[in-house]
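# A look at the structure
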Amino acid sequence: MFLDNLSGLFSNDIAIDLGTANTLVYRKGVGIVIDEPSVVAISTDNKKIIAIGEDAKEMLGKNPEEVRIIKPLKDGVIADFRVTELMLRNLILRAQKKRLLIKPRVLVCVPSGITEVEKRAVRDSALHAGSREVYLVSEPIAAAIGADLPIHRPQGNLIMDIGGGTTEIAIISLSHIVVHCSIRVGGDKMDEAIVSYLRKRNNISVGIQTAEKIKMAIGSAFPLEKELKMEVRGRDIITGYPITVEVTSEEVRDSLSETVTSIIDAVKGLFEKTAPELAADIAERGLILTGGGAQLKGLDKKIQETVDLPVHVVPEPLICVLKGCGQILDNLNDYKEVLLKKIED
Ligand SMILES: Nc1ncnc2c1ncn2[C@@H]1O[C@H](COP(=O)(O)OP(=O)(O)O)[C@@H](O)[C@H]1O
Ligand SMILES: [Mg+2]
């Protein structure tokens with residue numbers, strides 16, 4: 001007990017939300033120490049890292065052949081093991097300002113559909129990077145804890161996390177996932193939809209980064225009280241010259257409708273697999289939305305209207321999962337049962 005407290009005092013323990021779009025790191029007793037896009041720039045010559053995070057994301061679409069920009073967790077799974085390991089190693093080292101005698105324990109939040117091979121890769125990377133022990137937790141569980149849902153109780157909690165590459169929906173009761181569904185649709189698909197819509201309808205070619213900015217500024221899933229518009233710069237696909245066009249929120253909503261429908265269909269699909277008692281709990285408590293995609297304007301209203309459930313967006317959707325991870329790390333004893341089973345070698 002005393003030793004536990006002592007190691008807590010000098011602890012370097014960290015929790016990592018390894019997201020497809022953003023990676024966040026929490027250090028025990030300090031708070032969020034890293035919050036960066038999950039993007040790595042690598043030299044094609046010597047395979048060394050040139051930049052990680054925001055700096056690497058800024059290079060997207062502007063990189064010469066000598067630099068490859070990699071999103072190692074592209075579709076919610078680890079698309080590139082080696083780069084994921086490099087990134088994890090870099091983050092773990094950066095998160096511990098001072099090297100202490102006691103190596104850190106590291107908690108990593110992983111997508112619920114992760115395979116055994118991927119779990120092992122995450123664990124091994126964290127161990128190589130100098131952690132003493134590695135714990136894994138499933139993303140919907142961390143999101144639910146971050147959202148302050150009473151997951152320990154025998155009662156259905158429905159949570160949906162809309163990230164960059166994936167949307168995860170789960171019903172949690174008695175600290176475990178009872179049913180879950182994960183689709184490879186999220187913020188990235190929305191950005192791609194905007195790119196192809198503008199190409200077809202407005203004859204303008206824009207990059208994925210611009211599309212993301214449009215989505216955040218004027219994107220929506222439900223009619224807005226006051227519709228919005230913005231000027232967008234891109235390349236005229238006929239003349240090839242740079243042009244500026246005005247894009248309206250109605251057009252952007254139209255471009256996003258297919259993605260929004262896929263997300264709503266996933267909620268409906270989950271209900272079909274849910275036992276009646278749990279469904280009754282959920283009808284009362286509703287759906288809790290987390291993840292950056294939950295910030296799409298009017299998404300809560302659109303789901304509420306289509307599925308006929310109360311829908312609530314958590315106060316800080318982008319950091320909810322990390323908050324949950326931090327809570328687990330701070331109270332490991334109370335949360336033992338939510339950790340994924342140790343992986344066999
Ligand atoms: N205001 C916003 N409106 C719509 N989408 C947003 C907004 N803010 C962030 N996003 C999207 O949220 C996604 C990132 O969410 P995040 O939870 O960090 O994903 P992940 O967990 O996969 O890393 C990105 O696709 C981003 O474009
Ligand atoms: Mg996430």
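Bear in mind the structure is a predicted one, so any value in this text is a computation, not a measurement. (Residues numbered from 1 in each chain as written. Chains lettered and ligands numbered in written order. Predicted model: local features only at pLDDT ≥ 70, side-chain atom pairs only at ≥ 80, totals over all residues. Heavy atoms only, no water.)

### Some thoughts on the pairing of strand β13 (residues 229-236)
Here strand β12 (residues 204-205) runs beside β13; their pairing, made up of two bridges, is antiparallel. Residue pairing for β13: I204 is matched across the bridge by D236. Strand direction decides the pairing type here: β13 and strand β14 (residues 242-248), joined by seven bridges, are antiparallel. Looking at the pairing, K229 lines up with T248 of β14. (Pairing = 2+ DSSP bridges. Helix = DSSP H or I, 4+ residues; strand = E, 2+ residues; numbered from the N terminus.)

### Regarding the site of ligand 1
Around ligand 1, 17 residues are found, and the nearest of them are T20, A21, N22, E212 and K215. T20 places a side-chain nitrogen or oxygen 2.5 Å from an oxygen atom of ligand 1. Contact between ligand 1 and N22: an oxygen atom at 2.7 Å from a main-chain N or O atom of the residue. Taken by itself ligand 1 offers 580 Å² of open surface, and the protein chains cover 92% of this. Looking at the shell around ligand 1, the elements that each hand over two or more residues are α6 (187-202) and α7 (208-218). The leading source of residues in the shell around ligand 1 is α7, at three residues. Taken together, the residues of the shell around ligand 1 break down into four nonpolar, ten polar and three charged. Here the shell around ligand 1 spans two domains, since at least three of its residues come from each of domain 1 (2-142 + 320-338) and domain 2 (155-313). (Near = heavy atom within 4 Å. Polar contact = N/O pair within 3.5 Å; in protein donor to acceptor, adjacent residues only side chain to side chain. Areas by Shrake-Rupley, 256 points an atom, 1.4 Å probe, with all protein chains shown as cover. Nonpolar A, V, L, I, M, F, W, Y, C, P; charged D, E, K, R; others polar. Domains from an automatic or database assignment.)

### Considering the sheet that holds strand β2 (residues 22-27)
Pairing within the open sheet is mixed, and its five strands lie in the order β3-β2-β1-β7-β8. The open sheet has two free edges, formed respectively by β3 (31-37) and β8 (133-138), since each of these has just one partner strand. If you compare each strand with its neighbour and ignore which way they point, the axes differ by 15 degrees on average. Both strand β1 (residues 14-18) and β2 contribute to a ladder of five bridges, which runs antiparallel. In the sheet register, I14 faces β2, and the bridge partner there is R27. Across the sheet, helix α4 (residues 116-128) is in contact with β1, β7 (105-110) and β8; its angle to β8 comes to roughly 145 degrees. (Axes fitted to C-alpha atoms, helices over the stretch in contact; angles between N-to-C directions. Contact = heavy atoms within 4.5 Å.)

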